[in-house]
Every structure is written in structure tokens, then in C-alpha cells.
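Below are the chains, spelled out letter by letter.
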Amino acid sequence: MALILASTSPYRRELLMRLGIPFSCHPSGIDEDKFKVDGIGPVELARTLATEKALSIVITNPLATIIGCDQVVDVENRIIGKPET
């Protein structure tokens, strides 16, 4: 059974490589901004993005084990975006 990381994050890829388990990375292609709506908290946003990323990959890989993940930084109740560098 194939293992797919629904991400192109170099950090997540490195974590899986350390385990020595064969896997592949597939970008989800989802528009993360459409899920960033007023009233959504950081935990719910991270959970939603992780789920959507995995669901976008399962369509073309229904027999694979898919890891969908995301992280959100929250500073004083304000969600901070991804770093530019």
C-alpha cells in the first residue's frame, strides 16, 4: 500500500524520511485562503486544511494511506500566515 504525504513541506518530508518508510509527496492544490473565514479558530482551521488536503489526494489514490497535515500560528487570537522565507 502506498503512503502519500499530501504536502510539499520540506519539514514534513524530512520527518518522514527519518523513519525510513517509503512515501511520496503530492501537493494538494487546495486554495487555503478560502478556508480562512471570520470566526474560525486556529485548531479548527488546521484540522480543516489537513482534512481537505488528504481528501484532494484520495480522489486519485483511493487505496493509498494519505497523511494530511497543517499547522497554524496563533498570536494573541490572530492567525499568522506562512513565513515568506
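Below is a summary of the structure that appears in this document. Source: prediction; values computed, not measured. (Residues numbered from 1 in each chain as written. Predicted model: local features only at pLDDT ≥ 70, side-chain atom pairs only at ≥ 80, totals over all residues. Heavy atoms only, no water.)

Describing the environment of Glu 14
- Here Glu 14 shows up in helix H1 (residues 10-19).
- Glu 14 sits 50 residues away from Ala 64 along the chain, and the two C-alpha atoms are 20 Å apart. (Helix = DSSP H or I, 4+ residues; strand = E, 2+ residues; numbered from the N terminus.)

Some details on the environment of Glu 76
- On the secondary structure map, Glu 76 appears in the loop between strand S4 (73-75) and strand S5 (78-80).
- Distance in space between the C-alpha atoms of Glu 76 and Ile 4 is 34 Å, their sequence separation being 72 residues.

What about the side chain of Arg 12?
- Looking at where Arg 12 falls in the secondary structure, it is placed in helix H1.
- No salt bridge is formed by the buried Arg 12. Its closest oppositely charged neighbour is Asp 70, at 5.2 Å.
- With residues up to four places along the chain from it excluded, the contact list for Arg 12 reads Leu 5, Ser 7, Cys 69, Asp 70 and Gln 71. (Buried < 20%, exposed > 50% of the residue type's maximum accessible area, 1.4 Å probe, protein only. Lys, Arg positive; Asp, Glu negative; His and termini not counted. Salt bridge = Lys/Arg side-chain N within 4 Å of Asp/Glu carboxyl O. Contact = heavy atoms within 4.5 Å.)

Focus on helix H2 (residues 42-58)
- Between its first and last C-alpha atoms H2 spans 24 Å; for 17 residues at 1.5 Å apiece the expected length is 24 Å, and the two agree.
- Close packing links the buried residues of H2 with strand S1 (3-5), strand S3 (65-67) and S5. (Expected span 1.5 Å × (residues − 1).)

Overview of the environment of Thr 65
- Position of Thr 65 among the secondary structure elements: in strand S3.
- Residues Thr 65 and Phe 23 lie 42 residues apart in sequence; the distance between their C-alpha atoms is 9.6 Å.
- Apart from the residues lying within four places of it in its own chain, the contact partners of Thr 65 are Met 1, Ala 2, Leu 3 and Ile 4.

Details of the pattern of salt bridges
- By the definition in use, this model includes four salt bridges.
- Across the pair Arg 18 and Glu 14 runs a salt bridge, and its minimum N-O distance is 3.5 Å. In this pair, Arg 18 and Glu 14 are both assigned in helix H1, four residues apart and thus about one turn of the helix distant.
- Exposure remark for Glu 14: the relative accessible area of 37% places this residue in the partly exposed category.
- One salt bridge in this structure joins Lys 53 and Asp 70, with 2.5 Å as the shortest N-O distance. Within this pair, whereas Lys 53 is found in helix H2, its partner Asp 70 is found in the loop between S3 and S4, the two being separated by 17 residues in sequence. Comparing Lys 53 with Asp 70 shows no difference in burial state: the two are buried.
- The structure contains a network of salt bridges with shared partners spanning Glu 32, Lys 53 and Asp 70.

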